[in-house]
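The chain contents come next:
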Amino acid sequence: MKTTTPGHERTATNSHHGQRVSPYFDALVRQPWQLFVTLTFRETVPSERKRIALFFALLRRLARRTHAHFPSLGWYLREENGGRFGRTHFHFMLTGLPTNRLGAAVCRWLVAEWQRLAGGTADARLYDPTRPGVRYTLKICSTDAASMDGRESAKFGPNDCRLWLSTQLERTLGITR
């Protein structure tokens, strides 16, 4: 999988649906996530290369806005097709922002900036560790079939456990290339 920022991401794939994104799932659940974000594209979906470029543009602007060091951000990105309006969208989890910059204002900014960049809609929330945010974003990748309902699991095929991981998250998880 080629992306627009070589060396800053890794694609983890699963060869069979219903299996864990081994061995990352449990480690991802334990990360100190700060934001849970969904980014939806317009009806005309750009190429994969453009979608990834838009994601990186948003992250870089967020880092500048919050005075975060971009390479220090930990994140993973998952793409889905479907949902309520049948549109391609990303889910991503993020950590590494200065805690004094977190709040509703940064969530509102993300929503507005995604609209400006991609013309799509977004939902950005402070991460709530009491909710199953990681499990939701990795729904088909979980071995816990009870965590998926039929509508959600039907959106995925056997190769839909592809993740993009930041270099920072790879280091945290002990992943080497």
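Calculation notes
Residues numbered from 1 in each chain as written. Predicted model: local features only at pLDDT ≥ 70, side-chain atom pairs only at ≥ 80, totals over all residues. Heavy atoms only, no water. Buried < 20%, exposed > 50% of the residue type's maximum accessible area, 1.4 Å probe, protein only. Helix = DSSP H or I, 4+ residues; strand = E, 2+ residues; numbered from the N terminus. Pairing = 2+ DSSP bridges. Core = buried A, V, L, I, M, F, W, Y, C linked by side-chain atoms within 4.5 Å. Contact = heavy atoms within 4.5 Å. Expected span 1.5 Å × (residues − 1). Arc of directions from axis to C-beta. Polar contact = N/O pair within 3.5 Å; in protein donor to acceptor, adjacent residues only side chain to side chain. pLDDT = per-residue confidence, 0-100. Salt bridge = Lys/Arg side-chain N within 4 Å of Asp/Glu carboxyl O.

Quick notes on the pairing of strand E4 (residues 89-95)
- Most of E4 sits inside the fold, with 7 of its 7 residues counted as buried.
- Sheet topology places strand E3 (residues 74-80) next to E4; 7 bridges connect them, and they run antiparallel. Note on E4: the bridge partner recorded for Arg78 is His91.

A few points about the nonpolar core
- Ranked by size, the top nonpolar core spans 30 residues in total, and within it Leu39, Phe55, Trp75 and Leu94 carry the most contacts.
- Among the elements of the structure, strand E2 (35-40), helix H2 (48-66), E3, E4, helix H3 (104-118) and strand E5 (122-126) are those that each provide at least two residues to this core.
- When residues in this core are grouped by element, the largest group, 8 residues, is from H2.
- Discounting residues that sit within four places of it in the chain, Leu94 has contacts with Trp33, Gln34, Leu35, Leu59, Leu62, Leu73, Gly74 and Trp75.
- Listed in part, the 14 residues of the second largest apolar core include Trp33, Met93, Val134 and Leu165.

Here's the deal with H2
- Here H2 is 19 residues long and its end C-alpha atoms lie 27 Å apart, about the 27 Å a rise of 1.5 Å per residue gives.
- Regarding H2, the residues found buried are Arg51, Ile52, Leu54, Phe55, Phe56, Leu58, Leu59, Leu62, Ala63 and Thr66.
- Where H2 terminates, the next one or two residues include His67, which has phi positive at roughly 60 degrees.

Describing H3
- For H3, spanning 15 residues, the distance from its first C-alpha to its last is 21 Å, which sits close to the expected 21 Å at 1.5 Å a residue.
- Among the residues of H3, those classed as buried are Val106, Cys107, Trp109, Leu110, Glu113, Trp114 and Ala118. Taken around the axis of H3, the buried residues stretch over an arc of 155 degrees, which confines them to a single face. Across from the buried face of H3, at angles greater than 90 degrees, the exposed residues are Arg108 and Arg116.
- Looking at the buried side of H3, the elements it contacts are E2, H2 and E5.
- Positive phi shows up at Gly119, right after H3, with a value of about 75 degrees.

Quick look at unusual backbone geometry
- Despite not being glycine, His67 shows a phi value in the positive range, around 60 degrees.
- Taking relative accessible area as the criterion, His67 reaches 58% and is therefore assigned exposed.

Brief notes about the environment of Asp128
- Tracing the backbone through its elements, the reader meets Asp128 in the loop between E5 and helix H4 (133-137).
- According to the relative accessible area criterion, Asp128 is partly exposed, its value standing at 33%.
- Separated by 2.6 Å, the side chains of Asp128 and Thr130 make a polar contact.

Some remarks on the side chain of Thr95
- Tracing the sequence through the fold places Thr95 in strand E4.
- Only 2.8 Å separates the side chain of Thr95 from the backbone oxygen of Pro32, close enough to count as a polar contact.
- When residues no more than four places from it in sequence are discounted, the contact partners of Thr95 are Pro32, Trp33, Gln34, Leu73 and Gly74.

Some details on the confidence of the model for the protein chain
- A residue-level look at the protein chain finds 71% of positions with pLDDT of 70 or above and a mean pLDDT of 77.
- Of the regions scoring below 50 in pLDDT, residues 1-20 engages in 73 contacts with residues more than four places distant in sequence or in other chains.

Examining the pattern of salt bridges
- Tallied over the full model, the rule gives 4 salt bridges.
- In this structure, the salt-bridge partner of Arg51 is Glu79, at a minimum N-O distance of 2.7 Å. Taken as a pair, Arg51 in helix H2 and Glu79 in strand E3 lie far apart in primary sequence, 28 residues in all. Per residue, the accessibility class of Arg51 equals that of Glu79, and both read buried.
- Where Arg116 meets Glu113, a salt bridge forms, and the shortest distance between an N and an O atom there is 3.2 Å. With Arg116 and Glu113 both in helix H3, this residue pair falls 3 residues apart, about one helical turn.
- By sharing partners, the salt bridges in this structure join Arg61, Glu113 and Arg116 into a single network.

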